[in-house]
Structure formats: structure tokens, C-alpha cells
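Descriptive structure summary
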Amino acid sequence: MRDSGLQKSGHGLPKPRGELKELNNFRSLLQPWRVEDSAELYGIHSWGAGYFDVSSNGDVVICPNGPQGPRVSIPEIIEGIKERGYDMPCLLRVENILDSQIASLHESFGKAIKTLGYKGSYRGVFPVKVNQQQQVIEEIADFGARYHHGLEVGSKGELIAAVSHLSDREACLICNGYKDGEFIDLGLQAQRIGLNVFFVIEMPGELETILQRARIHDMRPKLGVRCKLSTRASGHWAESGGERSVFGLSPAEIVDLIDKLKANDMLDCLRLLHYHLGSQVSNIRDIRLGVQEGARFYAGLVQEGAPMGYIDLGGGLAVDYDGSHTNYVSSRNYTLDEYSADIVEAIMATLDEVNVPHPHIVTESGRATVAYYSLLLFNILDASVLEPMQLPEELPEDTPEPVKNLREVLVNISPRNLQECYNDAIYYRGEMRQLFATGAVNLRQRCLSERFFWAILMRISEEKGKLKVIPRDLQDIDTYLADIYYGNFSIFQSLPDSWAIDQLFPIMPVHRLQECPTRLGIISDITCDSDGQINHFIDQQGDKRTLELHPLKPGEEYYLGVFLVGAYQETLGDLHNLLGDNNVVSIRIEDDGSYEFVREQEGDTVADVLSYVEYDPRRIMESLRSTAERAVREGRITPSQRFAFLQIFEDGIRGYTYFER
Ligand SMILES: *Cc1c(COP(=O)(O)O)cnc(C)c1O
């Protein structure tokens, strides 16, 4: 489907790995590498939404108000983080970006509403599950108040958090998810103090509990109903929508609900229609079909006599992670303005036809609201580079046949027989591995066969650039030959979707961009898990298997940034290998380009993560003390060695769970 390397970086030059260095040297003879080349190579202007750029001295800069506003260098921020005593990895949050995203959502809907002459207004809500961090919810509630931006919750915990932040009476507080009596009581109390609470009925059984609690508290709740659309969106989250979705009522169940509400004299409580197609809907066609069908449901409820007033389209507004602007899963084939105009237009067209007044439009955009505002920064600890193989001129007398065959393969490689040579190399290496397992060949002989094997792969990699069509097997070779850059972070903790659903995030060095990146690498984290790897990277044409990186310089840190990680990644992470939460720093950038560290959150210590798995760090120290005392008694260590032993363990237990320099 797609392969790796420079071919797609837009320079229009041929690619293969072996030639990359030469190619770049060649380039540098003709014209030096410029920061613009880096910007294009890593696609920063395609996926950065104007929030990120490359400075003339090769740093990635953050521009929270877009290209015209202030810019702050990321390496400079990293220095500031280190001076404050925090190590990498560190999650960097930029509060202004959150504000900018909320503002542009409202401005975009506002523009569509005005141009099209729509009669209702836009009421965005933020789904708390996408990033439950206190500071995020607080910032959204505070900054969002000027637009009546509300919150969406799916559990009692989220509801309590939301009520503690919302004060605007016009902002919506949408209660989705399974609701027990206690959940409903909490929501009713929030309504009593003046919040605009909606209980969305997701399952037919919920109505009974709501009616009962409302009677007890003598209140009339505002109800919504979640419908199952037959429209389905493609992508990772397709199951959230469509007729087979877990949540939502079928048309028959909706009719039944209306009858029950009528029978209880409660139809006037029904105010909102809700649906959710799934997250990251990358094709605008699915959005349009969904809203058309949803508006029909809405009209149907009005025709049944419900007062209504709100149509809630759920989430789905996608993020263009790879910058390709296509309907590929990690992208979207529409702009925010197209999204809002299409929605407003479709609702209008459908409802005007049947003379139903325009409702307020609610969307529950989570991903698109928060993805941009945080990025993960980490340093590279080491790189493993496959050097050209040392091969003997003459083979020893007792060289096994398969090794001789491998050498034959190596000398005969040409562009015409690459696939054949590849197959042979795999075959003879396999034979040698078997012979080794049975004891027929020794360690040195096996080692010789591996050297020839890798030498063959390197040659094939060089030669394959001359082919018009590169066979699939040979495309994978670049991944085998790629450098491995060891990053100081855990995928399981910090980028769970990269591991779980192969979600792509933009990754790039945050400095040295005035230099040409001459290496091709993959990134490994510091968990000892073979899944702890990033070996797919964004690319305008889809994804690529290796990332262009700079060679490490001795004594100098090399920093990479993973961008657009503000949505879902923070709370889905886990404690694989007991690597805990990383340090978090939030900054706010002022109009004059100065910035302030507004918040810092120290990551987990080793003691923290041990206590999550039910160790008591104090008990651990006690037991270490007595073990060391026994060693003193048995004469194996001196009392002062015991002291040193305990001190090292105490420091370790108080330290950061990641690699510290
Ligand atoms: C997850 C979810 C959202 C958020 O979707 P995004 O695509 O992140 O905007 C909104 N509404 C409901 C009901 C959800 O389950």
C-alpha cells in the first residue's frame, strides 16, 4: 500500500535507505538543507492547524493564536522545565490552544448560522470522558462561559466534576450513559440550583427510574432521547453508531417512550434528540447523512407533540492527525467551516420542509477540542544502528553449506532477482538456525550466517530503489534495517491509542531542524515489551514505516515531540512495567510572546506506582532494613555499607519512574 522514506516527503527524489545519506549529501552540495525542508518533511503545516511552526534556527515553535500571533520555542520551554527540576518525559499543555479551539468552534457555527439565516443557536458541550483532568474542565467551563459552552457527562463521577465547574445557566449539562437512581438525584439537584440539565434516555428501562426520582423530588426534568440511526460512519469507532450500537433507542422504542410519557403527562419534558455516530468520523458524507436522518427523528418527535428545542449530534468531529485532508482514518476530508455549514444547512433543509422550528444545535466535540493543546516531550536515550557488516574475504575450511550459499546469494544480487535473493536469504538463515538448534553448527558459524543475511538485506534495500514496483516483502526490509531510537517514555502510559488501535500521531524532532535528518528510524519506548514500539508514522500519502531522524550527538540530548495527544491519551494510559504518570507542565503564552508556567504536576514516584499495585512503600523499607541488618550480622556487609544500601533504595523509591540522567 505505502512504503517508507523520502519518496513521499515531497522532494520528488528517489528514496532507498542505503542511498539516503548519499542523497542528502548530494542535495547539500547543490543547495543546503533549509528549515523549510524540515517543515515539509514532517508535515507540520498540514497537521499543525497553525499552532506549530519551525523557527529560522530550527526549533519547533508554538503559536497559540495562529501564525500571526506570538511564538515560543519548544526547546526553550524544555530548558525551563529542566531548570524547575522536572525530568523528561513531560506532557506539555498549552492552555491558550484550548481557548482557541473552543473559540473557533463557536465562531465557525456562528458564521454558518448567520450566513444561512438559521433561527436557533449553537450550544457546544465538552464530553468529560475525553480528558477529565481538573484543569481542562475548569478551563473549558471558565473560558467557554462567554459562548455558553457546556459539558457532557457519562457517569456520576463526571457529573459531580461538571457541576463543580459549571455556573452558566444557559450552558447545557448533558447526562448520557447508564443512570441509576443516585445519578438522577445528582442531576435533579443540579437542575434545582439552576443548571440546564438534560437526562438523555439511552435505554428504554431508564425512563422508569427517572419518572420515579422526579416524582419523589417533585421536579420536572428535561429529557432527551438517544436514537439509533441507521447511518454508520466508517473508522475505528463505527460500532458506536448504526442499528447495532449498544446505546440508543430504535424507532419502535422511541414510539413506546412517547406513549409512556403521554400516559404520565410528561411529554412536555421531552426537549432533546441525541445521536452519536462514533469518534473521528473522517468522511463528511457520513456526517451529512447522519444529520439528515437525525433531523427526521427530531421532526417526528415534534410532530408527536413534544416541545423539543435541542438537537444534539454527539461527537465525531475528526482531527487531521496526518495532515492529508482525506477520509483516511487518521485524517478528515473536511474543514471545521464545512462541518458546521453542512450541519446547519442539513437541519434547516430537513425541518423547513415540514415546517418545524429550528432547534438549538448541540455538538459534543471532544477530540477536536482538546487534541491540539497537549504534546508529549521525551529525550532519546540511545540509538541502535545497524553498521555495515564485517565479512571475511575467505571462508574457513569447515564453513557449513548454508553459509556458502548465503555468500553466493550476496555476490549475485541484481535488480532483476531481488525477491529471489530475499527468499533464499530467509531460507538459508532458517537452515542455519535449525542446524544450530541441533548442535550441528557452532556459535561462530551461526554468527557468520547472520552477518551474510544482514549484508544481503542491506544490498537488497539499496537495489530496490531501482525497481518501478517494489514487492511487499521488500518494502518491509526498511523497517528491519531501520535504526532503533530508544525514547524515554512508555507507550502504554502516554500513547495508549498508538498501542491499542494503531492510532497515528505526528512525531518529530523539536530542534536541529536546520540540519538534514540523515537516519531512518523507528522508536522504541523503555518498557521491555515488544509492543512498546512506534513503527508507523504519518505521511501525506497514508503512513510510513520509518521516521527521518538526526544522528545522536555525544553529550547532547535529542528531543522528540508527539503532538495532538490531548484527547483520550491521558486517562486511558496504564502502569505497564510500573512506569507511572509523567510530569505535566502547563503554560500560558501572552500576546507579547512571554509565557508563564501556570501549573506543574509532578509525575508518579516509584513509591506511588508501587502503592497502586498494593505495596506499602513503608513496609518495603522496613523489610529492606531488616534484610540488610541480617547481612550485617552474617558479616556480608559492614554497617556503613548497610547505610549506603538503604539510602540508595530510599532515593530510588522517591524517584521518578522513568530514566533519569
Ligand atoms: C465519546 C463520545 C463523544 C466524544 O466524541 P469525539 O469524537 O471525541 O468528539 C461525544 N459524545 C458521546 C456520547 C461519546 O460517547
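Bear in mind the structure is a predicted one, so any value in this text is a computation, not a measurement.

Tallying secondary structure elements over the chain gives 23 helices and 23 strands in all. The C-alpha extent of the chain, read off along each of the three principal axes, is 95 × 75 × 60 Å. Counting every position in the chain, which comprises 661 residues, the buried fraction comes to 56%. Pairs at least 24 apart in sequence give 75% of the contacts found in the chain among residues at least 6 apart. Carbon and sulfur atoms make up 49% of the accessible area of the chain, which totals about 28,600 Å².

So, about the site of the ligand. The environment of the ligand is made up of 17 residues, and the closest members are Lys 129, Ser 279, Glu 364, Gly 366 and Tyr 568. In this structure, Ser 279 approaches the ligand through a side-chain N or O atom, which is 2.6 Å from an oxygen atom. For the ligand, an oxygen atom lies 2.7 Å from a polar atom in the backbone of Gly 366. Alone, the ligand offers 390 Å² of accessible surface; in the complex the protein occludes 92% of this.

Our next topic: the nonpolar core. Phe 52, Ile 361 and Phe 563 are the most contacted members of the largest nonpolar core, which has 147 residues in total. In this view, Phe 563 contacts Trp 47, Phe 52, Val 60, Ile 74, Ser 374, Leu 375, Phe 505, Pro 506, Met 508 and Val 510; residues no more than four positions away in its chain are not counted.

On to the environment of Asp 591. Secondary-structure assignment places Asp 591 in the loop between β22 (583-589) and β23 (595-601). Judged by relative accessible area, which is 66%, Asp 591 ranks as exposed. Distance from Asp 591 to Ile 380, taken between C-alpha atoms, is 33 Å for residues 211 residues apart in sequence. With residues near it in sequence (within four places) discarded, Asp 591 still touches Asn 65 and Pro 70.

Pro 89 follows Met 88 through a cis peptide bond whose omega is 0°. Structurally, Pro 89 is set in the loop between α4 (74-83) and β4 (90-94). The phi torsion at Leu 564 lies on the positive side, around 65°, for a residue other than glycine. Of note, the phi angle at Leu 578 is positive, near 55°, even though the residue is not glycine.

What follows is about the pairing of strand β7 (residues 172-175). Neither face of β7 is open: one carries Cys 172 and Ile 174, the other Leu 173 and Cys 175, and all of them are buried. Bridge analysis of strand β6 (residues 150-153) against β7 gives three bridges, and the strand direction is parallel. Looking across to β7, one finds that Leu 151 is bridged to Leu 173. Relative to strand β8 (residues 196-201), β7 is paired through four bridges, and the arrangement is parallel.

Position of Asp 312 among the secondary structure elements: in strand β11 (residues 310-312). Setting aside residues no more than four positions away along its own chain, Asp 312 makes contact with Ile 174, Leu 272, Leu 273, His 274, Tyr 275, Val 362, Thr 363 and Glu 364. Within the structure, Asp 312 has its side chain in polar contact with the side chain of His 274 (distance 3.2 Å). For Asp 312, the side chain forms a polar contact with the main-chain nitrogen of Gly 314, separated by 2.9 Å.

Averaged over every residue, the pLDDT of the chain is 91; residues scoring 70 or more account for 94%. Note that pLDDT drops below 50 for residues 1-19; the model gives that stretch 59 contacts with residues more than four away or on any other chain.

Contact geometry of helix α15 (residues 418-437) with helix α16 (residues 443-463) gives a least axis separation of 10 Å together with a crossing angle of 165°. By the angle class used here, α15 and α16 are roughly antiparallel. Considering the relative orientation of α15 and α16, their crossing is left-handed. The segment α15 lies against α16, with Leu 418, Cys 421, Tyr 422, Ala 425, Ile 426, Arg 429, Met 432, Arg 433 and Phe 436 engaging Leu 443, Gln 445, Arg 446, Ser 449, Glu 450, Phe 453, Ile 456, Leu 457, Ile 460 and Glu 463. Residue classes in the contact of α15 with α16 are distributed as twelve nonpolar, two polar and five charged.

About the thresholds
- Numbering of residues starts from 1 in every chain and runs along the sequence as written.
- Given that the model is predicted, a residue must reach a pLDDT of at least 70 before its local features are reported, and side-chain atom pairs must reach 80 or more before they are shown or counted; all residues, however, enter totals for whole chains, interfaces and linings.
- Values shown for side chains rest on all heavy atoms present in the structure; no hydrogens or waters enter the calculation.
- Strands here mean DSSP runs of E at least two residues long; helices mean DSSP runs of H or I at least four residues long; both are numbered from the N terminus.
- Note on classification: 1.4 Å probe, protein chains only; a residue is buried when its accessible area is under 20% of the maximum for its type, exposed when over 50%, partly exposed between these limits.
- Contact criterion: two residues are considered in contact whenever any of their non-hydrogen atoms come within 4.5 Å of each other.
- Shrake-Rupley sampling with a 1.4 Å probe provides the accessible areas, and residues are treated as covered by the protein chains on show and by no other component.
- Note on terminology: near, applied to a residue and a molecule or strand, indicates that one of the residue's heavy atoms is within 4 Å of it.
- In protein, a polar contact requires one atom able to donate a hydrogen and another able to accept it; more generally it is a pair of N or O atoms within 3.5 Å, and residues adjacent in sequence count only if both atoms are side-chain atoms.
- Buried Ala, Val, Leu, Ile, Met, Phe, Trp, Tyr and Cys residues that are joined via side-chain atoms within 4.5 Å together make up what is termed a nonpolar core.
- Any two strands are treated as partners once DSSP identifies two or more bridges connecting them.
- By definition, pLDDT measures how confident the predictor is in each residue, and it falls between 0 and 100.
- Helix axes are fitted to C-alpha atoms over the stretch in contact, other axes to C-alpha atoms as well, and angles between N-to-C directions run from 0 to 180 degrees.
- Geometric relationships in this document are graded by angle, where less than 35 degrees denotes roughly parallel, more than 145 denotes roughly antiparallel, 65 to 115 denotes roughly perpendicular, and other angles denote oblique.
- Handedness of a helix crossing follows the sense of rotation of the near helix relative to the far helix, less than a right angle counterclockwise being left-handed and clockwise being right-handed.
- Each residue gets one of three labels, nonpolar for Ala, Val, Leu, Ile, Met, Phe, Trp, Tyr, Cys and Pro, charged for Asp, Glu, Lys and Arg, and polar for the others, Gly among them.

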